[in-house]
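So the chains spell out like this:
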Amino acid sequence: MRLSAYFLPTLKETPAEAQIASHRLMLRAGMVRQASAGIYSWLPMGLKVLKKIEQIVREEQDAAGAQEMLMPTIQSADLWRESGRYDAYGPEMLRIRDRHQRDMLYGPTNEEQITDIFRGALRSYKDVPKLLYHIQWKFRDEIRPRFGVMRGREFLMKDSYSFDLDNAGARRSYNKMFVAYLRTFARLGLKAIPMRADTGPIGGDMSHEFLVLAETGESEVYCHKDFLDFEVPEDVDYDGDLQPIVDRWTSLYAATDEIHDSEQAAALGDDLVTARGIEVGHIFNFSTKYSKPMNAVVTGSEGEEIPVEMGSYGIGVSRLVGAIIEASHDDNGIIWPESVTPFKVGLINLRYGDEACTSACDTLYRDLRRAGVEVLYDDRDKKAGAKFADMDLIGLPWQVVIGPRGVKNGIAEVKNRADGERIEMPIAAVVERFA
Ligand SMILES: Nc1ncnc2c1ncn2[C@@H]1O[C@H](COS(=O)(=O)NC(=O)[C@@H](N)CS)[C@@H](O)[C@H]1O
């Protein structure tokens, strides 16, 4: 993409309403614009990152054996009356009436919806286990949306739902999601620590939150420092016994302030880490909380009716854009991990109007794209300083700089955004380096 043509409305000034780094940087880097309180438009570069995160979430769900579908954003209130959550959910629910005066709502989550689909389709114990997910926009009428996309009112969530015959089966589904979450957040370049959590309006008796340590996190978290060095499992056999992995990752103390036990924590002494955390995922096992009232049952081998054992598993896909920036930025701007960066290489023509520079850059831009490298080419008529500042702000992992001196010797300067290291290399070697 040529920067001269790209819809990337960067801002020089820090918007007053932005209180945390990720909110400031997403506005300044032209990634989002607020449409109304807690509701954002995703501009081209922000959407590229959102979709890369979504794709990594999708790949790890598929690897764990979950099947993707898509449920609507608008739901019938009748389903929520069946589960008893319509009134209980409170003012966060956006309630709508359609032209026929039917009570509808903009879904804050989809337990009722997916349970209705299951009960209408599956009847036999042979039909379970099932693990279904979708990646869909949610609405929660937060009283004080803040921190940009971190606590929005309309936000993108991956929510999975599991259906099993018994508690042992439900535990296996829970463990699959637990491990898939460890892998997902690691691939996003984040250290997310699973912590026992409160189950809240979703309900149930077992729940873990996955928290990324960041000083602007909304949760106060306490955990054993060894968690920070735990290896995330590779090559997982999701049909095998995952309990040992879950046991290892829940063996040491880790709790959010909601369920923190100060005595237990004190026993850790210097091993205790106290920090703020961003909740990027939350998984729940809630047995028959929805299947009983909604009569989602399967027929057992002796013909008896069994309400299915369920769980739900959420990841804040849009929140993750902010969380990754919180965990990876500096004073000059964002520092994207390569796994989610909107472009891999920022190509900078240092001297607009210099024929040799421009033709070297145009050729390199063409060759990089031919090699399939995602490149953002700063071909604008701007001073070098402004180009460097913008490229540092938007946070691409690699900068390739072509200046009038270098081009005479066929040399490009390559800068690593994360550690600032600069090396020189022949322009002819750049494509191979990044392809
Ligand atoms: N207001 C919000 N803005 C952005 N992300 C949010 C918001 N509320 C929740 N999330 C994200 O969505 C994830 C799942 O939300 S949740 O309420 O914990 N869980 C559920 O809704 C369950 N139905 C799991 S499927 C959270 O861990 C968080 O990362």
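For the structure itself, consult the block above.
Rules behind the numbers
Residues numbered from 1 in each chain as written. Predicted model: local features only at pLDDT ≥ 70, side-chain atom pairs only at ≥ 80, totals over all residues. Heavy atoms only, no water. Phe/Tyr/Trp six-rings, centres within 6.5 Å; stacked < 30°, edge-to-face > 60°. Helix = DSSP H or I, 4+ residues; strand = E, 2+ residues; numbered from the N terminus. Buried < 20%, exposed > 50% of the residue type's maximum accessible area, 1.4 Å probe, protein only. Lys NZ or Arg CZ within 6 Å of the ring centre and 35° of its normal. Pairing = 2+ DSSP bridges. Axes fitted to C-alpha atoms, helices over the stretch in contact; angles between N-to-C directions. Contact = heavy atoms within 4.5 Å. Near = heavy atom within 4 Å. Polar contact = N/O pair within 3.5 Å; in protein donor to acceptor, adjacent residues only side chain to side chain. Nonpolar A, V, L, I, M, F, W, Y, C, P; charged D, E, K, R; others polar.

## With respect to the packing of aromatic side chains
Working step 1: Under the definition given, this model contains 15 aromatic pairs.
Working step 2: Ring geometry for Tyr181 versus Phe185: centroids 5.8 Å apart, planes at 90°, classification edge-to-face. You can see Tyr181 and its partner Phe185 sitting in helix α6 (residues 167-187), four residues apart, about one turn around the helix. The same class applies to Tyr181 as to Phe185, namely buried.
Working step 3: The structure contains a cluster of three or more aromatic residues connected by ring pairs, namely Phe178, Tyr181, Phe185 and Phe210.
Working step 4: One residue, Lys48, lies across the ring of Phe343, its end atom 4.8 Å from the ring centre.
Working step 5: Across the ring face of Phe230, the terminal group of Arg248 is positioned such that the distance to the ring centre comes to 3.9 Å.

## Points about the sheet that holds strand β21 (residues 398-402)
Working step 1: The strand order β20-β19-β21-β22-β23 describes an open sheet built from five strands, whose pairing is mixed. Pairing within the sheet leaves two strands with one partner each, and these edge strands are β20 (375-378) and β23 (422-426). On average, adjacent strands in this sheet sit at an angle of 25° to one another, irrespective of strand direction.
Working step 2: In the sheet, strand β19 (residues 345-349) pairs with β21 via five bridges, with the strands oriented parallel. Counted as the bridge partner of Asn349 is Ile402 from β21.
Working step 3: Those strands touched by helix α13 (residues 427-434) are β19, β21, β22 (411-416) and β23, and its axis lies near 110° from that of β23.

## Examining the site of the ligand
Working step 1: Near the ligand, the surroundings consist of 23 residues, among which Thr109, Glu111, Arg140, Gly152 and Glu279 are the closest.
Working step 2: Within the side chain of Glu142, a nitrogen or oxygen atom sits 3.1 Å from a nitrogen atom of the ligand.
Working step 3: At a separation of 3.4 Å, an oxygen atom of the ligand approaches a polar backbone atom of Val280.
Working step 4: Only β8 (154-164), β13 (272-287) and β16 (309-316) provide two or more residues apiece to the shell around the ligand.
Working step 5: For the shell around the ligand, the element with the most residues is β13, which contributes five residues.
Working step 6: For the shell around the ligand, a count of residues per class yields nine nonpolar, seven polar and seven charged.

All quantities given are derived from atomic positions and should not be read as evidence of function.
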